[in-house]
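Residues per chain are reported as follows:
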Amino acid sequence: MLHNLILAVGLMKDKYPEIKVYVPGMSGGNGKLALTSAYAKYIDKLIKKYNLENNVVFLGRLSEAEMVERMLKSHAVVIPSAIEGASLVLREGMYLGCPSIATFRGGMADFITDKVDGFLYDFQEYPYLATRLDELFSNPDLCKSFSEKAIEKTEKAHDRKTNTDNYITMYNTIFSE
């Protein structure tokens, strides 16, 4: 949930006054939040309460190339979801080698091995999220390790030959029965 990421950033602002959170969507593309729902209004209220107006940027719709570019410039990808299936944003971030933090929800724990190639946390525990972000910001070696291991893992998971062979085997099994 975005609000928990905002709360985590609020805890970190004194130590990292220049911290930026880039949020795809939720904007007309002007960098500002579009107040189109009660949740957006709540997010706006939190941003103002914690004086994060210059720290949270709403990106609007991004093309594939723009999303890749944004991830490659980022220090971390955070998926703060309370409900999530298989997060493509997480998979993309890991594939690009962006250190990743995600919640123990849906299939995300299948993608990240906690403290090996990323961090996992319970979506409600925003102080824990802030601690994990601080670890990444203050430890370039950890970021490099997470990046290398995430790339290795996702390259294996997306290997075309292996995946093609697995599909052929699966279909042959189905057709033979």
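Position numbers for residues start from 1 in each chain and track the written sequence from start to end. Only residues with pLDDT of 70 or above have their local features reported here, since the model is predicted, and side-chain atom pairs are shown and tallied only from 80 upward, although totals for entire chains, interfaces and linings are computed over all residues. Derived side-chain values reflect all non-hydrogen atoms in the structure, with water molecules and hydrogen atoms excluded from consideration.

### Considering the sheet that holds strand β3 (residues 77–79)
In sheet architecture, strand pairing relies on hydrogen bonds along the backbone and comes in two forms, parallel and antiparallel. Following DSSP output, two strands are said to pair if at least two bridges run between them. Under the DSSP-based scheme used, a helix requires at least four consecutive residues in state H or I and a strand at least two consecutive residues in state E, with every element numbered from the N terminus. Spatially, β3-β4-β5 is the arrangement adopted by the 3 strands of the open sheet, whose pairing is parallel. Two strands in the sheet have a free side with no partner beyond their single neighbour: β3 and β5 (119–121). Adjacent strand axes in the sheet meet at a mean angle of 15 degrees, parallel and antiparallel pairs treated alike. Where β3 and strand β4 (residues 100–103) come together, 3 bridges link them in parallel fashion. Orientation is described by axes fitted as lines to C-alpha atoms, over the contacting stretch for helices, and by angles from 0 to 180 degrees between their N-to-C directions.

### Notes on the environment of A34
Assignment of secondary structure puts A34 in the loop between β1 (21–24) and α2 (38–49). Relative accessibility decides the category of a residue: with a 1.4 Å probe and only protein chains considered, values under 20% of the type maximum give buried, values over 50% give exposed, and everything between is partly exposed. The partly exposed category is assigned to A34, whose relative accessible area is 26%. Between the alpha carbons of A34 and G60 there is a distance of 9.1 Å; along the sequence they are 26 residues apart. We call two residues contacting when some pair of their heavy atoms lies within 4.5 Å. Apart from the residues within four sequence positions on either side, A34 is in contact with M26, S27 and A40.

### Details of α2
Here α2 contains 12 residues, and its C-alpha end-to-end distance of 16 Å stays within 8% of the 16 Å for a straight helix at 1.5 Å per residue. All buried positions along α2 are accounted for by A40, I43, D44, L46 and I47. The buried residues of α2 occupy an angular sector of 160 degrees when projected down its axis, which confines them to one face. Every exposed residue of α2 that faces more than 90 degrees away from the buried side is listed here: A38, K41, K45, K48 and K49. Buried positions along α2 lie against α1 (2–12) and β2 (56–60). One or two positions beyond α2, positive phi appears at N51, with a value near 55 degrees. Take the residue count of a helix, subtract one, and multiply by 1.5 Å to get its expected span. This arc is taken over the directions from the axis of the helix to the C-beta atoms.

### Comments concerning α1
Across the 11 residues of α1, 9 count as buried, placing the element largely inside the fold. Taken together, the buried positions of α1 are occupied by L2, H3, N4, L5, I6, L7, A8, V9 and M12. Structurally, α1 contributes buried residues whose contacts are with β1, α2, β2, β3 and α6 (126–138).

### With respect to the packing of aromatic side chains
Within a pair of aromatic rings, the relevant descriptors are the distance that separates the centres and the angle that separates the planes. Pairing of aromatic side chains here covers Phe, Tyr and the six-membered ring of Trp, requires ring centres within 6.5 Å, and sorts the geometry by plane angle: under 30 degrees stacked, over 60 edge-to-face, intermediate tilted. Considering all chains together, one arrives at 5 aromatic pairs under this definition. Ring plane angle 45 degrees and centroid distance 6.4 Å describe the contact between Y39 and Y42, whose orientation is recorded as tilted. Taken together, the residues Y39 and Y42, both in helix α2 and 3 residues apart, mark about one turn of the helix. The partly exposed category is assigned to Y39, whose relative accessible area is 29%. Accessibility expressed as a relative area gives 36% for Y42, which makes it partly exposed. Summarising the aromatic geometry, the rings of Y167 and Y171 are spaced 6.3 Å apart at their centres and angled 25 degrees between planes, so their arrangement reads as stacked. Of this pair, Y167 and Y171 are both found in helix α8 (residues 160–176), 4 residues apart, which corresponds to roughly one turn of the helix. Residue class for Y171 comes out partly exposed when judged on its relative accessible area of 42%. By the ring-pair criterion, three or more aromatic residues cluster together here, those being Y167, Y171 and F175. Sitting over the ring of Y22, R70 keeps its end group 3.7 Å from the ring centre. Between R132 and the ring centre of F119, over which it is positioned, the NZ or CZ distance is 4.8 Å. Any Lys NZ or Arg CZ that is within 6 Å of a ring centre and within 35 degrees of that ring's normal is treated as a charge sitting over the ring.

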